[in-house]
Amino acid sequence: MFVEPPKFTQAEMAGLIGETVAWMHQQRDKYRPVCNALSEAVKVKLRPFFSAEILDNLRLKDLSKTGETIPYPPFYERVRAGGARVVPDAAHMTAIPFIDVALFNRQPTLRTVFHTLIHVTQFSIIGLEKVMEGYFRALNESGLWMVVPYEEQAYQLDARYTKDPTDVFSVEAEIREWQRNGKF
């Protein structure tokens, strides 16, 4: 029998969102000085899909070369407290974006950079707080991270890119279309 996790109250949700946004800004500020820009070769391959501003602003770090892993979000235990909420373990994540900084637990591939840039673009267009609100709302309703619309879109677009990298589309236009259609 499936036991639904306890729902967060509006006040708890607001607190989690605020804490998450603050934590993401702290991580961005901590890691940005030690991260690298995308190489010109990667930018050339991704330019048809992303704006120059997004590509130029992203900084990334391959933590596997340092022995570090993606930091564990301090609020995860409260999110998992319901027992039935499914969220990824930071140590097993491939990457995590902190606004315009991305940390990778393994050497980044073009596909993992593409996926991460989708989230960076979502933050840029929708706003970090609204995106985090969408994550927590979906987790609160379903208990499942995989059904968060922002994740759903990122996996759909990265699958589309991986299937045929010559089928050019604008990630920004796709995000705006979902926004217009109320999918977020």
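Structural data are supplied above this passage.
Residues numbered from 1 in each chain as written. Predicted model: local features only at pLDDT ≥ 70, side-chain atom pairs only at ≥ 80, totals over all residues. Heavy atoms only, no water.

Focus: the overall build of the chain
Consideration 1: Summing up its helical and strand segments, the chain has 8 helices and 4 strands in all.
Consideration 2: Walking the chain from its N terminus toward its C terminus, one meets helices and strands in the order α-β-α-α-β-α-β-β-α-α-α-α.
Consideration 3: Of the contacts formed within the chain by residues at least 6 apart in sequence, a portion of 70% connects residues at least 24 apart.
Consideration 4: In the form shown here, the chain has an accessible surface area of approximately 9,400 Å², with 54% of it arising from carbon and sulfur atoms. (Helix = DSSP H or I, 4+ residues; strand = E, 2+ residues; numbered from the N terminus. Contact = heavy atoms within 4.5 Å. Areas by Shrake-Rupley, 256 points an atom, 1.4 Å probe, with all protein chains shown as cover.)

Some details on the packing of helix α7 (residues 149-163) against helix α8 (residues 171-180)
Consideration 1: Look at α7 against α8: their axes get within 12 Å of each other, and the N-to-C directions meet at 145 degrees. Handedness of the crossing formed by α7 with α8: right-handed. Contact with α7, carried on its side by Pro149, Glu152, Gln153, Gln156, Leu157 and Arg160, involves Val171, Glu174, Ile175 and Trp178 of α8 and no other residues of that element.
Consideration 2: In terms of residue class, the contact of α7 with α8 is made up of 5 nonpolar, 2 polar and 3 charged. (Axes fitted to C-alpha atoms, helices over the stretch in contact; angles between N-to-C directions. Left-handed = near helix turned anticlockwise from the far one by under 90°. Nonpolar A, V, L, I, M, F, W, Y, C, P; charged D, E, K, R; others polar.)

Focus on unusual backbone geometry
Consideration 1: Residues other than glycine seldom take positive phi values, yet Ile99 does so here, at roughly 70 degrees.
Consideration 2: By the element assignment, Ile99 lies in the loop between β3 (95-98) and β4 (101-104).

Comments concerning the environment of Gln179
Consideration 1: Within the fold, Gln179 resides in helix α8.
Consideration 2: Looking at Gln179, the relative accessible area reads 38%, which means it is partly exposed.
Consideration 3: Counting along the chain gives 53 residues from Gln179 to Ile126, while the straight-line C-alpha distance between them is 8.0 Å.
Consideration 4: Residue contacts for Gln179: discarding those within four places in its chain leaves Ile125, Ile126 and Phe184. (Buried < 20%, exposed > 50% of the residue type's maximum accessible area, 1.4 Å probe, protein only.)

A short note on the layout of surface pockets
Consideration 1: The computed volume of the second largest pocket comes to approximately 330 Å³.
Consideration 2: Taken together, 15 residues make up the lining of the second largest pocket; nearest its centre are Leu60, Asp62, Gln107, Pro108 and Val113.
Consideration 3: Per-element accounting of the lining of the second largest pocket gives the leading share, 3 residues, to strand β2 (residues 59-62).
Consideration 4: The residue makeup of the lining of the second largest pocket, split by class, is 7 nonpolar, 5 polar and 3 charged. (1 Å grid on protein atoms, 1.4 Å probe; cavity = no way out; pocket = protein on both sides within 12 Å on 5 of 7 lines; lining within 4 Å. Points joined across faces, edges and corners; volume = space filled by probe spheres on them.)

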